[in-house]
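So the chains spell out like this:
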There are 2 protein chains.
Amino acid sequence: MAILDAQQTAAQTWFRQLRDDICAALEAIEDDGGDAPGAEGLAPGRFQRTAWDRPDPSGDGGGGVMSVLKGRVFEKAGVNISTVHGSFAPEFAKQINGAGEDPRFFATGISLVIHPRNPNVPAAHMNTRMLVTTRRWFGGGGDLNPSHPDEAETAAFHGAYKTACDAHDPAYYEKFSKWAEEYFWVPHRQRHRGVGGIFYDHLDSGDWDGDFAFTQDVGRTFRDTYPALVRAKMQRAFTPEQRLEQLRYRGLYAEFNLVYDRGTTFGLKTGGNTDAILMSLPPEARWD
Amino acid sequence: MAILDAQQTAAQTWFRQLRDDICAALEAIEDDGGDAPGAEGLAPGRFQRTAWDRPDPSGDGGGGVMSVLKGRVFEKAGVNISTVHGSFAPEFAKQINGAGEDPRFFATGISLVIHPRNPNVPAAHMNTRMLVTTRRWFGGGGDLNPSHPDEAETAAFHGAYKTACDAHDPAYYEKFSKWAEEYFWVPHRQRHRGVGGIFYDHLDSGDWDGDFAFTQDVGRTFRDTYPALVRAKMQRAFTPEQRLEQLRYRGLYAEFNLVYDRGTTFGLKTGGNTDAILMSLPPEARWD
């Protein structure tokens, strides 16, 4: 086991705690969702955890834990944490902030994707991570993916992230929400995946404690906001037509992840853990 | 309308005829499949044609015609033909055979993907095309994609392509079937998409007539072989478990097309016709 410095340990500990909190919040919704449309006859879902190791020539590349729930409110929810370290292959090192001259890296983070059963309830994605090369930074974000966008819901989600951003830097929300708008654009469909949120990377303001506190708040905001959005709509009836639209929307979601998402394409092409990377794909999708 | 030379006209005419023949063979199966499992209550499918133009600064970039059938034996079958011309963007021209110094190109071809409803019936893919830059060549292939591989069926498909290959060059089958084996490997899943067939590109033996005749035989082989494989199995009963395996197999199919398939990724990133390119995606898929 690699020896972590105090910042690495603090970040890793936080991501694990956030994972536990979010999984608990989603399992509580599963408990309360017995009479939700679509949940008929299904038991409350529970997260199943699977650990994986990252192969590394040194014999210790770190690893991660996938937590996957297939439930009655959440058709599929995956919450991954990982702490990995090693050396980037030379051709990749050049593309990574601060790794051009020294290819060694450390990364710890959390990544989650939630696909609810009820098309009225938005799907969601959140991830935050700390990266260390010769530089040290945070990145991540949270974004909402309804198949049926709802202005009030979108405003509530963005509003929560604006509050979190404003507490740290008045420029963050405008900058990071625009970044999400650019990042989640699907050129070949000429539309966005989802209704946005925030996206940030290479955050290194010179104040590590402040950057870490912001990253924690990005996670807390998701933890405190998304479950409430689910509870607000999980009892709404839905039609077969809405379900069909949801399945088609998930096709767009899969296209974005497989064609453009940096984490996915980078992970698949560099021998990452396939099951953990593709945990994001929807349980069912249609292109018809 | 661009003026085509005799070879371009001959190739375009052939691809259109092949499209008509294959669509007719599939529609005949739709007519005969009324009592196939899964077909209950469904009308025989018919191909719907949609023409598209390729935007080009010159005002004439050519275009194509999509033919899509959503039927009772074939859950989704798409047969595209296109004849396009123009100039590659400079950064792409460098990657294309013979386009480094002169970026002008002409391409005409046929591409089809068939997703049957019954999991006993294999999905299939075929495409052949003629390309013209400062060079002139053919490429294409045909491959079988069963979710439940069947040795006898695989042998029949490969055998038909071996016969077609052997009639033109005794080295073709070994070379082109190996090429398919390499091309349809999905590294992140450590398995192949499908059970292979043949794949070839940059075929320019110096005998254009011979290369065209081979390319025609690749199309004829598909036209004469695949419908028989469908008819052999379309009446077989299937279980919900087999259907589930088929939907999961289609997830792998979508992953391959969106992450690795050259035509798809190239097309999406160069502003091709999205509907025609993504015609290949399965009507329904699962990642659960």
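For the structure itself, look to the data block above.
What you are looking at is a predicted structure, and each value in this text was computed from that prediction instead of being measured.

S.K.: Looking at this model, I keep getting lost on the overall build of chain A. Mind explaining?
M.R.: A count of helical and extended segments in chain A gives eight helices and ten strands. Rg of the C-alpha trace for chain A: 19 Å, near the compact-globule value of 19 Å for 288 residues, within the 12% margin. Evaluated residue by residue, chain A yields a buried proportion of 57% over its 288 residues. Intrachain contacts of chain A at a sequence separation of at least 6 include 67% that bridge at least 24 residues. For chain A, the computed accessible surface area is about 12,000 Å², with 52% contributed by carbon and sulfur atoms. Side-chain charges of chain A comprise 31 positive and 39 negative groups, with the mean position of each set lying 3 Å from the other.

S.K.: Just checking my understanding: could you explain the sheet that holds strand E1 (residues 48-53) of chain B for this structure?
M.R.: Backbone hydrogen bonds hold the strands of a sheet together, and the pairing may be parallel or antiparallel. Residues and elements named next belong to chain B. Strand order in the open sheet formed by seven strands is E1-E2-E3-E4-E5-E6-E9, and the pairing between neighbours is antiparallel. Here the strands that pair on one side only, and so sit at the sheet edges, are E1 and strand E9 (197-203). Strand-to-strand, the axes of this sheet are offset by a mean angle of 10°, without reference to chain direction. Two strands pair when backbone bridges link them, and strand E6 (residues 136-145) and E9 are joined in this way by five bridges, in the antiparallel orientation. Following the sheet pairing, Asp143 is matched in E9 by Gly197. Contacts from helix H1 (residues 6-32) reach E1, strand E2 (62-69), strand E3 (74-87), strand E4 (104-116), strand E5 (123-132) and E6 within the one sheet, and its direction differs from that of E4 by about 10°.

S.K.: In this structure, what is going on with the relation of the copies chain B and chain A? I would like to understand it.
M.R.: Between the two chain copies there is a screw-like relation: a rotation about an axis and a shift along it. By a simple turn and slide, chain B fits onto chain A: the slide is 0.0 Å along the axis, the RMSD is 0.0 Å, and the turn is 180°. The symmetry that links the two subunits is that of a two-fold axis. When the interface residues of chain B are mapped onto chain A, 100% of them are again interface residues, pointing to one common binding face.

S.K.: What exactly am I supposed to notice about the packing of aromatic side chains here?
M.R.: Applying the stated criterion to the full structure yields 39 aromatic pairs over all chains. Considering the side-chain rings of Phe256 of chain B and Tyr260 of chain B, the 6.2 Å spacing of their centres and the 40° angle between planes classify their relative orientation as tilted. Grouping aromatic residues by their ring pairs yields a cluster made of Tyr172, Phe176, Trp179, Tyr183, Phe184, Phe199, Tyr200, Phe214, Phe256 and Tyr260 of chain A.

S.K.: Explain the pattern of salt bridges here, please?
M.R.: Going through the model one piece at a time under the given rule, you end up with 51 salt bridges over all chains. Glu174 of chain A is paired through a salt bridge with Lys178 of chain A; the nearest N and O atoms lie 3.2 Å apart. Here Glu174 of chain A pairs with Lys178 of chain A, and both are found in helix H4 (residues 172-183), just four residues apart, close to one helical turn. Between Arg54 of chain B and Asp56 of chain B there is a salt bridge whose closest N-O contact spans 2.9 Å. Exposure remark for Asp56 of chain B: the relative accessible area of 18% places this residue in the buried category. Connected through shared salt-bridge partners, Glu75, Arg243, Arg250 and Glu284 of chain A together with Arg248, Arg286 and Asp288 of chain B make up one network.

S.K.: Explanation requested: the interface of chain B and chain A in the structure shown.
M.R.: Quoted interface sizes are often the accessible area lost when the parts come together. Taken together, the 21 residues of chain B in the interface contact 22 residues of chain A. It is His188, Leu258 and Trp287 of chain B that lose the most area in chain B upon contact with chain A, and together they represent 29% of the buried surface on that side. Where chain B packs against chain A, one counts four salt bridges. Here Asp275 of chain A and Arg189 of chain B are joined by a salt bridge, their closest N and O atoms 3.8 Å apart. Of all the secondary structure elements, the ones that give two or more residues to the side of chain B that touches chain A are helix H6 (240-259), helix H7 (262-269), helix H8 (274-277) and strand E10 (284-286) of chain B. Tallying contributions element by element places H6 of chain B first for the side of chain B that touches chain A, with four residues. The residue inventory of the side of chain B that touches chain A, partitioned by class, reads ten nonpolar, two polar and nine charged.

Rules used throughout
- Residues numbered from 1 in each chain as written.
- Chains lettered and ligands numbered in written order.
- Predicted model: local features only at pLDDT ≥ 70, side-chain atom pairs only at ≥ 80, totals over all residues.
- Heavy atoms only, no water.
- Helix = DSSP H or I, 4+ residues; strand = E, 2+ residues; numbered from the N terminus.
- Rg over C-alpha atoms; globule rule 2.2 N^0.38 Å.
- Buried < 20%, exposed > 50% of the residue type's maximum accessible area, 1.4 Å probe, protein only.
- Contact = heavy atoms within 4.5 Å.
- Areas by Shrake-Rupley, 256 points an atom, 1.4 Å probe, with all protein chains shown as cover.
- Lys, Arg positive; Asp, Glu negative; His and termini not counted.
- Charge placed at Lys NZ, Arg CZ, Asp CG, Glu CD.
- Pairing = 2+ DSSP bridges.
- Axes fitted to C-alpha atoms, helices over the stretch in contact; angles between N-to-C directions.
- Least-squares fit on C-alpha atoms with pLDDT ≥ 70 in both.
- Phe/Tyr/Trp six-rings, centres within 6.5 Å; stacked < 30°, edge-to-face > 60°.
- Salt bridge = Lys/Arg side-chain N within 4 Å of Asp/Glu carboxyl O.
- Buried area = accessible area lost by both parts, 1.4 Å probe.
- Nonpolar A, V, L, I, M, F, W, Y, C, P; charged D, E, K, R; others polar.

These values are about where atoms sit, not about what they do.
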